[in-house]
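Fold and contact review
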Amino acid sequence: MGGDNHGDRVSTAPEKFIALTPELHHYIVEHCSGHDLLRQIEERTARMGEIAIMQSAPEQAALITVLVGAIGARQALEIGTFTGYGAIAIARALPEEGRLVTCEASEEYAEIARRHFAEAGLEERIELALGPALETLRGLPAGEFDFAYIDADKIGYPDYYEQALRLLRTDGLMMLDNVLLSGEVLDPGRDAARVMAELNDRIAADERVEATMLGISDGITLARKR
Ligand code: DHB
Ligand code: MG
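So, here's what we can say about the structure. (Residues numbered from 1 in each chain as written. Chains lettered and ligands numbered in written order. Predicted model: local features only at pLDDT ≥ 70, side-chain atom pairs only at ≥ 80, totals over all residues. Heavy atoms only, no water.)

**Brief notes about the coordination of the magnesium ion (ligand 2)**
As a reminder, the rule being used: A 2.8 Å cut-off from the metal defines N, O and S donors, relaxed to 3.2 Å for Na, K and Ca; water is not in the atom list, so some sites may appear incomplete. Secondary structure elements follow DSSP: runs of H or I of four or more residues count as helices, runs of E of two or more count as strands, with numbering from the N terminus. Buried residues are those whose accessible area, probed at 1.4 Å on protein chains only, stays under 20% of the maximum for their type, while exposed residues exceed 50% and partly exposed ones sit between those limits.
Protein coordination at the magnesium ion (ligand 2): the donors are Asp151 (OD), Asp177 (OD) and Asn178 (OD1), at 1.9 to 2.1 Å from the metal. Site description for the magnesium ion (ligand 2): donor spacing in sequence, D-x25-D-N. Pair noted here: aspartate 151 is in the loop between strand S4 (145-150) and helix H7 (157-167) and aspartate 177 is in strand S5 (residues 168-177), with a separation of 26 residues, a long-range link. Residue aspartate 151 shares its accessibility class with aspartate 177, and that shared class is buried.

**Some points on the nonpolar core**
Rules: The set of buried Ala, Val, Leu, Ile, Met, Phe, Trp, Tyr and Cys residues whose side-chain atoms join them within 4.5 Å is what this entry labels a nonpolar core. Whether two residues are in contact is decided by their heavy atoms: any pair within 4.5 Å suffices.
In this structure, Leu77, Leu137, Ile150, Tyr160, Tyr161, Met174 and Leu176 are the most contacted members of the largest nonpolar core, which totals 33 residues. Of all the elements in the fold, those that place two or more residues in this core are strand S1 (75-79), strand S2 (99-104), helix H6 (133-138), S4, H7, S5 and helix H8 (191-204). For leucine 77, the residues in contact, after removing those within four places along its chain, are Leu100, Val101, Leu137, Leu140, Phe145, Phe147, Ala148, Tyr149 and Leu167. Formed by 31 residues, the second largest nonpolar core is a distinct cluster that contains Leu63, Ala113, Leu122 and Phe147.

**Overview of the site of ligand 1**
Applicable threshold: Each residue is tested against the molecule or strand, and it is near if at least one of its non-hydrogen atoms lies within 4 Å. Two N or O atoms count as a polar contact when they lie within 3.5 Å, although within protein this holds only if one can serve as hydrogen donor and the other as acceptor, and sequence-adjacent residues are included solely when both atoms are side-chain atoms. Accessible surface is estimated by sampling points in the Shrake-Rupley manner with a 1.4 Å probe; for residues, cover comes only from the protein chains shown. The nonpolar class holds Ala, Val, Leu, Ile, Met, Phe, Trp, Tyr, Cys and Pro. Asp, Glu, Lys and Arg form the charged class, and all remaining residues, Gly among them, are polar.
By nearness alone, every residue bordering ligand 1 is listed as Ile53, Met54, Asp151, Lys154, Asp177 and Asn178. Aspartate 151 has a polar side-chain atom sitting 2.7 Å from an oxygen atom of ligand 1. Side-chain polar atom of lysine 154 to an oxygen atom of ligand 1: 2.8 Å apart, as the coordinates give it. Here ligand 1, which alone exposes 290 Å², has 66% of that area covered by the protein. A class-by-class count of the residues in the shell around ligand 1 yields 2 nonpolar, 1 polar and 3 charged.

**Things to note about the pattern of salt bridges**
Operational definition: A pairing counts as a salt bridge when a side-chain nitrogen of Lys or Arg comes within 4 Å of a carboxyl oxygen of Asp or Glu.
Considering all chains together, one arrives at 15 salt bridges under this definition. The salt bridge partner of arginine 39 is aspartate 36, with a shortest N-O separation of 3.3 Å. Within this pair, arginine 39 and its partner aspartate 36 are both found in helix H2 (residues 36-46), separated by 3 residues, close to a single helical turn. A relative accessible area of 41% means that arginine 39 is categorised as partly exposed.

**Focus on the pairing of S4**
Test applied: When DSSP finds two or more bridges between two strands, those strands count as paired.
Of all 6 residues that make up S4, 6 are buried, and the element is covered over most of its length. Sheet analysis places S1 next to S4, joined by 4 bridges and oriented parallel. Considered in S4, the bridge of leucine 77 is made with alanine 148. Both S4 and S5 contribute to a ladder of 5 bridges, which runs parallel. From the neighbouring strand, tyrosine 149 faces S5, where its bridge partner is methionine 175.

Below, the structure written as structure tokens:
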């Protein structure tokens, strides 16, 4: 495994992937562990209209719960709470005395999320930090978090990435959502796509992490802090 093989990595391996169809995607979701409240939140969020696209995908929520549990995370961080769907996927995999700090800039979304946390019986485990995420992150102690999930405004990702890296312990795990931006990263037009494409390049070449990109939902990067 070449640790110095970064950036424009060209693979000679045979192309091995399948393009998902709606039916295969449905099949995948059906074969992930479910959670009744998360399903209810999916329905409620869907009723909010177009904005519902901001919610993480069900198979991604299942992946989060598996990973957070598998690494034995006790302290977790989320940037971008929205209706609390991802936060619940994280917090329910934490031990009783574990803690999730989730950052949300919108009072309206924070209120919805708080109701969902109470409904999940997880309000003791989840600390919702209302306000600009960067300010919250700058006030947190370095090296104390086991897991960090970045799913907020895309222009802010480079700053959130640096902060999350500072806040994670060695071997801590970071997840970044929307790294493909519906494919826009291949030919960035708007600012958000340019920022995301540049960050993706930077992470692939970043000696501080070991990273993989998954073709789940809108693209997910997983990065372990070395
Ligand atoms: C948007 C944001 C997200 O985090 C996401 O997963 C999908 C869409 C958006 O702002 O459009
Ligand atoms: Mg997202």
